[in-house]
Amino acid sequence: MKAKFLVPLLLFFGLAGFLAFGLTLNPREVPSPLIDKPAPNFRLARLDQPDKTFALEEMRGEVWLLNVWASWCVACRQEHPLLVRMAEQKLVPVVGLNYKEVRGDGAISVRGMALEAETAMAVERGQRWLKEHGDPYLLSVMDIDGRIGIDFGVYGVPETFLIDREGRIRYKHIGPITPESLQGQIMPKVEELRRAG
Amino acid sequence: MIPELGHFALILALVLSMVQAVVPLVGAQRNSAALMAVGRPAAQGQFFFILFSYVCLTWAFIQSDFSVQLAASNSHSETPLMYKITGVWGNHEGSLLLWAMSLSLWTVAVTVFSRHLPDAFLARVLGVLGLVSAGFISFTLVTSNPFERLLPGVAEGRDLNPLLQDPGMIIHPPLLYMGYVGFSVAFAFAIAALLSGRLDAAWARWSRPWTTVAWVFLTAGIAVGSGWAYYELGWGGWWFWDPVENASFMPWLLGTALMHSLAVTEKRGAFRSWTVLLAIGAFSLSLLGTFLVRSGVITSVHAFATDPKRGLYILALLVIVIGASLLLYAARANKLMGGGSFSLVSRETSLLANNVLLTVASASVLLGTLYPLFLDALNLGKISVGPPYFEAVFVPLMTPVVVLMMFGPFLRWKDDDLLAEVRRVAPIFVASVAIGVGSAWAVDHLTWRTVLGLSLAAWVVLASLRLLARRLGERAGAAAGSRLRSITASWWGMWLAHLGIGIFIIGVTMVGSLDRHLDVRMKEGQRAELAGYTFVFRGAVDADGPNYDAARGNIELVRDGRVLGVLDPEKRVYRAQGMPMTEAALDIGVFRDVYVSLGEQLEDGSWIVSLYYKPFISWIWAGCVLMGLGGIFAAADRRYRRLAARDAAAAVGGRVGAAA
Amino acid sequence: MPADPRSSLPVRRSLAAGALALLLAAPLHAATAGGAPAGIPAATDAGVAPALAADPQLEADMMELSHKLRCLVCQNQSIAESNAPLAVDLRNQVREQLAAGKDKDDVIDYLVERYGDFVLYEPPFKATTLLLWLGPLALLLGGAGWLGWRLRRRSVEVDAERALSVTDRERARTLLAGGGDAAPNTAPPESRK
């Protein structure tokens, strides 16, 4: 048997190896290109006091989490109790980004709705939901039209960003936070960033 | 009760497939006529039980038995009967059963049309087919049981995905599966030949009709799928280079090369290595496609709900089947060397180039499809590879193929005079380029893409006419009738299929370069214009269906003051899942389609209407029909039946001699 | 080999080509004529439905670019094809930026900064995609090279065969001249198909 006749077989085994490894990957998960880059600045109206605004740079000097949520988001309800417990134990400050509260809800059409009306509706819905499920956030800001979400590369809800003292994004968690990811990835990184000062 | 019967029948089918896999192969090895004779009944018995199993599953759907998990997820009591029946294959488990049934059907066909094959060879073919069958049925039973019960049953099912409730979905999967799976026969023939050590012109002649018919099914399956996407998705696209589409296209490319390579092996005894590898390759790509659709490894609109455990099982199946085949090839490849020699300028050369080019094209599509996976596996980031890549790569690769496709038939076998042939063809070539440039200018679209497409199409058409003229001119002095009759079905098949590609190219080029699109807001009585057509909106009415609510628009199509017809696009919401769907309305013509979609209704009462003008798009489907027709003619050539009868007589003689 | 009426063939062929060109041009013209707009309708003509987009050219540019951008929440669709909320948002972003005068590359850079290369259906040309973009060409060159090498080898074999048959012919001549009864070497007839 000449060696060259084994080439098709070897090529095939190489391919099969890749395919086998591919079974462990998730083709739909999109990593963030913003890791280690400065978080996009924002100045948005607060959910608790809509006539006041809050800017990203006000969190300078802190290691904190930005959690993207909405009342229509089913998966957010999975992680919410965990966030509430985290707040009770004062593990790490979490700022909420209330994302497309009104227009993101499939059941509501905002065609013809003025921005003020939409904002008022978002305040009402968001506050109601937090009262019902608990408010783990330092505060929440409202991203009515999703622009800030695009700046952060948000493509689904919930997503959570870990931001360091200089305002750089250090880690992005896609999907609901689980106890495993909290213990395994998020808190260790938080500790590391706190030590770095 | 009935689902359990179906489940049991499937288990029996598995047992029979294992018998079919092992016993005939052992029989061929030991030259035991008794063991070899087990193949036919085992295959036929297996088919009976799989068919029974499939009917039981279909029964559960028709009866809306929602205690069967599959029916509960994919059907609804108000779903029209046709879609209850076809919903059986609109999901992973049911479509696997369809796959197994297709394979069994092909196997039975082999048992019927095989009197002319030597016993040992047939035994090996059935054995290989049995192995693949056993693999698939066991995969179904172990990881994807379609008869899984949902206890307690639910009152109402979740309905079939509205996108699949469509005539296109009735014929596309069966045709596609018959094509995909049909390459298993060419594969089994190749493996049987490798096992017996005899790979000759007779083997190639036996393989050819099976390969061609599978190719015809696959061509039809892909074309119907494409046509269905065109009118169903609402915006007139017809090919997206989606991984699952590529998974059906790659076997088609290699299958095309295989058909041509088999011709050379039959006529000249050459290309045996290529033919065997292409037969293994085409079927391997079919299996790979099955893996890609069901494993979750790539993202696709066509992918079934996925599960890495299932992916692992199919991958194991792949590794065993393809690994063993390639190992067998490596062991026997030495015997495949040699074969008829030919000079640099000959038909063999052009067909060898054809093999190479089609293989490179297929490999490139594979590269693009799997590259994101490669990079992700090596932790080098996540990218997407889509239509811009494939178009940039595929068109340059296929251009020489099309040129060669019409030059090759002019060449003689073994040895030809290049200068004479070039002189014969050069005027056609020049005329084609002239027509390409001229036509592109005539339609006011003088771009590289349009000129290339139209030149290639003109090349195909002109060269086809020249070839026909030459063929008819061969019997100088004979009457016209007898000249026509002297052309074999095989030759007509080649001629039609090649011409079909030219027609296809015209369609693709024209619609790609000249299509138009406009979105408007229409109130009753208002009109819009696109590409010389006027669309007059006559309002929208309710048009509810059995399992959906809909609004139907009424739009007059006017040109030059004459009303050409009325278009009635619908916007539907399927009640069970609340899923919205658009049903476009088409005015189909030989030289253009006019395509209208209904969007939402706005607060002021006007409707969003999308208008599309698609010139020559029917030529895409017409080209595919010609290709399929060509394949049918080629497979039906009387030569196969004549020589099969001769082989059958020889085989009988052999058996009688052996018995004596 | 039939007689080659060289003089009439080119003429016949040109006529055929011309006829075909006419055959193609007529329906082409009929089918694609009327492409020019029928004139801009008066603003007060309530009979004409307004375009959905305020600026059709901008819309067309936006859609062309959108066909190359991936909808990240969809099962492999572009943002042009999908009506998922994120796809609509991204189309709006593209439209806004194009309207603001940014060119296509700027818009692409903007999205890649936020979503990575994954959002592009046309993979960028960089170190990690070298194999992707050059692969097909490499395969083609490799295939062509193999083909050339193979054909040269075969050519040698055919030449050897031809030489043999020359030898055989000589032998035959000798035998015939010597009155031998060996049959001359006859090559099998060429098949035309």
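In this text, all values refer to a predicted model and were calculated from it rather than measured experimentally.

Rules behind the numbers
- Residues numbered from 1 in each chain as written.
- Chains lettered and ligands numbered in written order.
- Predicted model: local features only at pLDDT ≥ 70, side-chain atom pairs only at ≥ 80, totals over all residues.
- Heavy atoms only, no water.
- Salt bridge = Lys/Arg side-chain N within 4 Å of Asp/Glu carboxyl O.
- Buried < 20%, exposed > 50% of the residue type's maximum accessible area, 1.4 Å probe, protein only.
- Patch = residues over 30% accessible without salt bridge, like charges linked within 9 Å, V, L, I, M, F, W, Y side chains within 5 Å.
- Areas by Shrake-Rupley, 256 points an atom, 1.4 Å probe, with all protein chains shown as cover.
- Lys, Arg positive; Asp, Glu negative; His and termini not counted.
- Charge placed at Lys NZ, Arg CZ, Asp CG, Glu CD.
- Helix = DSSP H or I, 4+ residues; strand = E, 2+ residues; numbered from the N terminus.
- Disulfide = S-S within 2.5 Å.

Structural notes on the pattern of salt bridges
- This structure, assessed with the given rule, holds 37 salt bridges over all chains.
- For the salt bridge of B:D200 with B:R198, the shortest nitrogen-to-oxygen distance reads 3.0 Å.
- A salt bridge links B:R572 to B:E570, with the shortest nitrogen-to-oxygen separation between them at 2.9 Å.
- A residue is classified by how much of its surface remains accessible, and B:R572, at 11% relative accessible area, is buried.
- Under the relative-accessibility criterion, B:E570 is labelled buried at 9%.
- Taken together, the shared-partner salt bridges connect A:D36, A:D164, A:E166, A:R168 and A:R170 into one network.

Focus on a negative patch on the surface
Residue and element names in this part refer to chain C.
- A cluster of acidic residues, D103, D105, D106 and D109, forms a negative patch at the surface.
- Within the secondary structure, D109 is located in helix α4 (residues 104-115).
- For D109, a relative accessible area of 44% gives the class partly exposed.

Brief notes about the state of the cysteines
- Evaluated as defined, the whole model comprises 2 disulfides over all chains.
- Across a sulfur-sulfur distance of 2.2 Å, A:C73 and A:C76 are joined as a disulfide pair. Where A:C73 bonds to A:C76 through sulfur, the torsion about that S-S bond is close to 100 degrees, and the disulfide is right-handed.
- Between the sulfur atoms of C:C71 and its disulfide partner C:C74 the distance amounts to 2.0 Å. Between C:C71 and C:C74 the sulfur-sulfur dihedral comes to about 65 degrees; the bridge is accordingly right-handed.
- Exposure remark for C:C71: the relative accessible area of 1% places this residue in the buried category.

Here we look at unusual backbone geometry
- The omega angle of the peptide bond from A:V157 to A:P158 is 0 degrees, so this bond is cis rather than trans.
- Within the secondary structure, A:P158 is located in the loop between α4 (147-151) and β6 (159-163).
- A cis amide bond, omega -5 degrees, links B:L151 with the succeeding residue B:P152.
- Mapped onto the secondary structure, B:P152 falls in the loop between α7 (119-143) and α8 (167-196).
- Notably, B:N31 is not glycine yet its phi reads approximately 55 degrees, a positive angle.
- B:N31 gets classed as exposed once you look at its relative accessible area, which sits at 62%.
- Phi at B:F616 is positive, roughly 65 degrees, even though this residue is not glycine.
- Examined against the element boundaries, B:F616 turns out to sit in the loop between β10 (607-615) and α19 (618-635).

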